[in-house]
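Structure at a glance
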Amino acid sequence: MSDLDQLTQSLARNLKRWRGERGFTLDALAARAGVSRGMIIQIEQARTNPSVGTTVKLADALGVSITTLLDYEQGPQVRVVPESQAVRMWSTPAGSRTTLLVGTEARGPLEMWSWVLMPGDASSSDPHPPGTTELLHVTAGELTLVVDGEPHSVPAGASATFEANVPHTYRNDGPDTCELVMAVSIPPAR
């Protein structure tokens, strides 16, 4: 089975499991996530690989991390994620990419990400649920962080945090590759 097939099967199994645990009907989850009922059915039957945006919307609506939706299996209390098992979520032909390194459900989902943004590349995000916080640390280059339309320069060695319930964009306006590590804290579903 290919990595993509394994990911598709895991997402199908985990989406069904978490939807059941939350007591959401297909229609209720569709309404909460802003994703069509038909798309959810396709995902739960492992007949499609949804976009990163769709996966994020479903995770947010369920109050779980993307890690939980994509996890091959629930592990023990200590979980070491080898580099080979980190999940590549977004990439561009220029070489920009995001990789979900690790996540947890303790006191609400918590995710850790590794980002590489090539010069001129950007990645935008829709608002997350209220109470979601992102923390980031730039290790190389310079990040232009745009939060609710306001740009902020974050050079190598600097860190930033913000409430992520507004539109936000990660942009590399500089001539050098930008690398950063980011953590996302999501409030538990009510």
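Scroll up to find the structure this text is about.
To start, this report covers the structure provided alongside it. In this numbering scheme, every chain counts its residues from 1 along its sequence in written order. Per-residue local features are limited, in this predicted model, to residues with pLDDT of at least 70; the limit for side-chain atom pairs, both in listing and counting, is 80 or more; totals at the level of whole chains, interfaces and linings are taken over all residues. For the side-chain quantities, the full set of heavy atoms in the structure was used; hydrogens and water were omitted.

**Observations concerning the layout of surface pockets**
The space that makes up the largest pocket amounts to roughly 610 Å³. Here a cavity denotes a set of grid points, spaced 1 Å apart and computed over the protein atoms alone, in which a 1.4 Å probe fits but from which it cannot get out, and a pocket denotes an open set meeting protein on both sides within 12 Å along at least five of seven lines; residues with an atom within 4 Å of a point are reported as lining. What lines the largest pocket is a set of 28 residues, and nearest its centre among them are V52, V56, S125, D126 and H128. Taken together, the elements giving at least two residues each to the lining of the largest pocket come down to α2 (26–33), α4 (52–62), β1 (87–91), β3 (110–117), β4 (122–125), β9 (168–171) and β10 (178–185). For the lining of the largest pocket, the element with the highest residue contribution is α4, accounting for six residues. Grid points are joined across faces, edges and corners, and a volume is the space filled by probe spheres set on the points. Each helix is a run of H or I in the DSSP string that is no shorter than four residues. Each strand is a run of E no shorter than two, and both are numbered from the N terminus.

**A closer look at the pattern of salt bridges**
Any carboxyl oxygen of Asp or Glu that lies within 4 Å of a side-chain nitrogen of Lys or Arg is treated as forming a salt bridge with it. Taken as a whole, this structure holds three salt bridges when the rule is applied. Between R37 and D27 there is a salt bridge, and its shortest N-O distance comes to 3.0 Å. Here D27 lies in helix α2 and R37 lies in helix α3 (residues 37–44), a separation of 10 residues in the sequence. Throughout, exposure labels follow a simple rule: accessible area from a 1.4 Å probe, protein chains only, divided by the maximum for the residue type, with under 20% read as buried, over 50% as exposed, and the rest as partly exposed. Residue R37 is classed as partly exposed on the basis of its relative accessible area of 40%.

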